[in-house]
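Close look at the chain arrangement
As a plain string of letters, each chain reads:
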Amino acid sequence: MREPAPASQPGGEGPAQGAASAREDFAAAGVPVAGPRVPTVLQVLRRLDSTPRGLTEAQAQERLARIGPNTLPVHRGASWPRLFARSLRDPFTAVLGCLGLVSATVASWGTACVILLLVGVSCVLRATPEHRADRSMATLRKMVATTAATQRRTEDDAAPVPREIPVDELVPGDVVRLGPGDPVPADVRLLRTRGLTVYQAALTGESAPVAKDAKDAGDTPVVAGSHTGSAARGTHPGVGGFHDPRLCFQGSSVASGSGTAVVVATGARTRFAEAHGRLAVQRETSAFDRSVRGVSWILIRFMLLTPPLVLMANAALRGRGLETVPFAVAVAVGLTPEMLPVIVSTCMARAAALLARTHGVIVKRLTALHDLGAVDVLCLDKTGTLTQDRPVVHRALDPDGTENSAALRWAAVNAWSTLHLADLPAPDALDEAVLDAVDEDALMSHDAVAVLPFDPVRRLATAVVRTPGRLGTHTLVVKGAVEAVLERCALAEDERDGLLARATAQAKDGLRVLAVATAERPARTRDYTPADERGLVFRGFVTFRDAPAPTAADTLTALADRGVTVKLLTGDHPGTAVRACRDLGVQVGPEAVLTAADVDGLGDDELAAAARRATVFARCTPDHKARIAAALRSGGHTVGFLGDGVNDLPALHAADVGIVHRDAVAVARESADVVLADKDLTAIDHAITAGRHSGANIATYLRIILSSNLGNVIAMLAAGLLLPFLPMLPAQVLAQNLCFDAAQLAFAHDRPDPRTLRRPTLLRPRQLLRFITGFGLLNAVADLATFGVLALTLYGPDGLDDEAVFHSGWFTENLVTQALVMLILRGAGRVPGPVAWAAVALTAAGLLLPVSPLGSLLGLTALPVLYYVLLAVVLVLYAAGLTAARTRYDQRRGPGSGRIRPVRGPRHP
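What comes next is a walk through the structure. (Residues numbered from 1 in each chain as written. Predicted model: local features only at pLDDT ≥ 70, side-chain atom pairs only at ≥ 80, totals over all residues. Heavy atoms only, no water.)

**What about the overall build of the protein?**
Selection criterion: Strands here are runs of E lasting at least two residues and helices are runs of H or I lasting at least four, both read from the DSSP assignment and numbered beginning at the N terminus. Note on classification: 1.4 Å probe, protein chains only; a residue is buried when its accessible area is under 20% of the maximum for its type, exposed when over 50%, partly exposed between these limits. Contact between two residues is taken to exist if any of their heavy atoms lie within 4.5 Å; hydrogens are not considered. Residue exposure ignores everything except the shown protein chains as possible cover, and the areas themselves are Shrake-Rupley values with a 1.4 Å probe.
Scanning the protein from N- to C-terminus turns up 31 helices and 21 strands. Burial analysis of the protein (909 residues in total) assigns 57% to the buried set. Sequence-distant contacts, at least 24 apart, represent 75% of the contacts inside the protein between residues at least 6 apart. Accessible surface for the protein amounts to roughly 36100 Å². Of this, 59% is attributable to carbon and sulfur atoms.

**Focus: the sheet that holds strand E9 (residues 377–380)**
Quick reminder of the rule: If DSSP finds at least two bridges between two strands, the strands pair. Here, axes are lines fitted to C-alpha atoms. For helices the fit covers the stretch in contact, and angles between N-to-C directions go from 0 to 180 degrees.
Overall, mixed pairing links the eight strands, which are arranged E8-E21-E20-E19-E9-E16-E18-E17 in an open sheet. Edge strands, defined here as strands with exactly one partner in the open sheet, are strand E8 (362–363) and strand E17 (593–595). Bridge count for strand E20 (residues 657–661) against strand E21 (residues 674–676) is three bridges, and the pairing is parallel. Bridge pairing links Val-660 to Val-675 in E21. Across the sheet, helix H22 (residues 622–634) lies against E9, strand E16 (565–569), strand E18 (616–618) and strand E19 (639–642), angled at about 160 degrees from E19, the strand it touches most.

**Focus: the packing of helix H28 (residues 803–826) against helix H29 (residues 834–848)**
Note the following rule: By definition in this entry, angles of less than 35 degrees are roughly parallel, angles greater than 145 are roughly antiparallel, angles of 65 to 115 are roughly perpendicular, and the rest are oblique. By definition, any crossing whose near helix is turned counterclockwise from its far helix by less than a right angle is left-handed, and any crossing with a clockwise turn is right-handed. Residues are grouped as follows: Ala, Val, Leu, Ile, Met, Phe, Trp, Tyr, Cys and Pro are nonpolar; Asp, Glu, Lys and Arg are charged; every other residue, Gly included, is polar.
With their axes 8 Å apart at the nearest point, H28 and H29 run at an angle of 165 degrees to one another. With respect to H29, the axis of H28 lies roughly antiparallel. The hand of the H28/H29 crossing is left-handed. Of H29, the residues touching H28 (which contributes Thr-812, Leu-815, Val-816, Gln-818, Ala-819, Met-822, Leu-823 and Arg-826) are Val-835, Ala-836, Ala-838, Ala-839, Leu-842, Thr-843, Ala-845, Gly-846 and Leu-847. Taken together, the residues of the contact of H28 with H29 sort by class into twelve nonpolar, four polar and one charged.

**Section: a negative patch on the surface**
Formally: Patches draw on residues past 30% relative accessible area with no salt bridge. Two like charges within 9 Å are joined, as are two nonpolar side chains (Val, Leu, Ile, Met, Phe, Trp, Tyr) within 5 Å. Criterion for a salt bridge: a side-chain nitrogen of Lys or Arg within 4 Å of a carboxyl oxygen of Asp or Glu. Here Asp and Glu are counted as negative and Lys and Arg as positive; His is not counted, and neither are the chain ends. All charge positions are set by atom: Lys at NZ, Arg at CZ, Asp at CG, Glu at CD.
On the surface, Glu-432, Asp-436, Asp-439, Glu-440 and Asp-441 cluster together into a negatively charged patch. Relative to the helices and strands, Glu-432 resides in helix H15 (residues 429–436). Using a relative accessible area of 41% as the deciding quantity, one classes Glu-432 as partly exposed.

**Digging into helix H17 (residues 493–508)**
As a reminder, the rule being used: Multiplying 1.5 Å by the helix residue count minus one yields the expected span of that helix. Directions drawn from the helix axis to the C-beta atoms are what define this arc.
Taking 1.5 Å per residue, 16 residues should reach 22 Å; H17 reaches 22 Å between its end C-alpha atoms and fits that length. Within the span of H17, buried status applies to Leu-499, Ala-503, Gln-506 and Ala-507. Along H17, the residues classed as buried sweep out an arc of 100 degrees about the axis, all on the same side. Opposite its buried face, H17 presents the exposed residues Glu-493, Asp-494 and Lys-508, each directed more than 90 degrees away. Among the structural elements, strand E10 (387–397), helix H16 (482–486), strand E14 (512–522) and strand E15 (537–548) are those in contact with the buried residues of H17. One or two residues past the end of H17 sits Gly-510, with phi positive at roughly 90 degrees.

**Observations regarding the pairing of E9**
Here E9 shows no split at all, with Val-377 and Cys-379 on one side and Leu-378 and Leu-380 on the other all buried. For E9 and E16, the ladder comprises four bridges, and the chain directions are parallel. The residue of E16 that forms the bridge with Leu-380 is Leu-568.

**Regarding unusual backbone geometry**
The backbone of Arg-459 shows a phi angle near 60 degrees, a positive value even though the residue is not glycine. By the element assignment, Arg-459 lies in the loop between strand E11 (447–455) and strand E12 (460–466). Accessibility expressed as a relative area gives 16% for Arg-459, which makes it buried. Its identity as a non-glycine residue notwithstanding, Arg-619 has a phi of 55 degrees, on the positive side. Structurally, Arg-619 is set in the loop between E18 and H22. With relative accessibility at 23%, the residue Arg-619 sits in the partly exposed group.

**Describing the pattern of salt bridges**
Scanning all chains against the criterion turns up 22 salt bridges. Its salt-bridge partner being Arg-365, residue Asp-371 comes within 3.2 Å of it at the nearest N-O pair. Here Asp-546 ties to Arg-512 by a salt bridge, and the two come within 3.1 Å at their closest N and O atoms. Taken together, the positions of Asp-546 in strand E15 and Arg-512 in strand E14 put the pair 34 residues apart, joining distant regions of the chain. Given a relative accessible area of 11%, Asp-546 falls into the buried group. The class for Arg-512 is buried, based on a relative accessible area of 7%. Taken together, the salt bridges that share partners define one network made up of Asp-509, Arg-545, Arg-579, Arg-582 and Asp-583.

**As for the packing of helix H14 (residues 406–421) against H15**
In the contact formed by H14 and H15, the axes pass within 9 Å of each other and the chain directions differ by 120 degrees. It follows that H14 is oblique to H15 by the angle criterion. Remark: the crossing between H14 and H15 carries left-handed chirality. Mapping the contact onto sequence places Leu-408, Ala-411, Ala-412, Ala-415, Trp-416 and Leu-419 in H14 and Asp-431, Val-434 and Leu-435 in H15.

Okay, here's the thing in structure tokens:
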């Protein structure tokens, strides 16, 4: 007995190795992955040691034990402890952890405990939503079909018995039956077909079904209806060998017709499994990671610089030694936004939970929410997002090109008769569109006699009906591919060329075209055959377009208003993509359309410039999509990519945010960052809004906390040089930080300024550094003015010698000014929210804590009434200066400043 092509042992080879050998398995079985030379059915069966009757049970069991189950490599989500440990690698968290260890080293146990507690809370908040998302993904995996229809024999001489078996028990050499709606369970070579068409969108990105046939059907013409498969939609033929009509691949599904096929490759050796190897490829750093790294380095530089300055200044000017080390560490801690990891994790976790609860959106990578908020370019295919997965009739034309319903009526007669007599498992999509466009009552007068269903060789469907009012006459109604119909019509050559040119023009305009013709024959009882499809009278064309998605136009408008440019990356013909845009009110000029050939002719820098201007990228292969996404990123954009198939995996990895819908292929869902409940742009708009909501709160928190902390540190350094004692005790610094940190939690629950939702939110370290430097110096001036109030007004020139009074006065001023900063820098004129109430609570703590019993434990004391009066004057002046500075900053920054402005395409109404 011949052995079938070698395959992997169970568990003995990883996804990358299995994918690498997929092509070798096809070659060993006599089925090349691409190219015109495909062995005959007999040669394939011999090399697989199989027959059209299938394998015996003994053969199947032996191969299953040796080759392994027909399962794809499983991507297992990380456990909760691993996600927790991974969160510790976050730069912000790492900085805090180091500060906690340093605080413990210098015996500042209170500070160390608080910092390490915050680190733990942050890691829990980040790990828990991601672990919950992994569980949701596991639920989605269980929704995949798990059985296949095959035929096996009990013995060599026994008749084959049809049976349903689990997909994972299929082996090379099995003969499977395919019917409408069935997923193709493995890579197969077709043996017999009957009108078989297959959806390969998950593999190639094209939306139309592709005709398949066990025989060589030749080249598919360009102008056709859905019956002609991929060429009708203008899809690039032969992308990766998927368009060979004799082969079907795992990951596709049957659209119509039926067939039998022999399994050639299973499990990790299928073409579909190649995509799983991409999951192991490390993605480039996201927009959030880049921003976090930049901000972290700013903090690290400040923190490394501050303690040595404090120690050297105190040693040189005050003769102090190691006793100032705890104070130096406290200053460094005071500069650090220790609540940042908690705020970031809480903001994103709340937004992710809200999206999941209200819109069914699963955020697998929590930081992807920030990247969504920063997205200014969204790349997507049209099918299912801009358009529905069904065609609609555009118009009907007579032979002269004039709009006339006659051709549509005859096409409906053909579709109606085929639906009733052909016993098809499911109606053709174009037939459904035709029937939806006419009144069924007009069809009742035609009695169907016989039908010749569509097959991919003839590329026609013929119905024979009784002619109303004419006894003894039958009418043949033929519809199908334009060339196939025209060559059967009684036309002069110039007439045929003119009609073909007219149909070609319609196809270039993004329409699918069906030709319709009729012929009258004497009534007979003898069967009709394809030989009767001659001498036809041409009746006209019926054109179809993709039905726009109901919410697409409104969502495109909303995205444009939010500064998000939508770009179409599709495997379809340029005209088809442009037509979809035009139907949605988006006018796309010729200069805004690039094809795969155009992309191939451009270098990386040239492509980055061209990609900014283009709106439609047509005839794209997976590599083209990935290269375009990478080019847009290199041009400074934050890119989101919406995909659903294996062909989209490279682009999902190349984009900042990979987005898929729930019904996408499993490998795409595993690779994505965000999973939508439906393939609907509205859900993306909600996700982007949620990302900007959390991103705006994080950015506001960072601006406020860092500018306040920098001002306090500057003032603390100045006080350390001017005072004969420490300007604030370590316990007081810790208490002040705890009060301020508790108030900052309100930012995770705040509603940001609506204006911030109109543009991408992205943390830019240099812009942040300029902000905190300017406003930090202003805060330091307010602190130094408070020193003056304490020194000169309350107790005279020697007032600063009273440690308790100074500590209490500065403690109160710090908390009150920080509350003021929270209100003013949050944004004026907004409805009070959690931040406003937190600022009130912080002010109350600053005023009441020094006079409370806890204040005496911290070394604080009550202050005279005059201090509060003078402090109010200082605060009014500070508020005026802060408001003026904020207004000037907003004016200089302008709407959308600080980010790369997206190049918008033409606006639609």
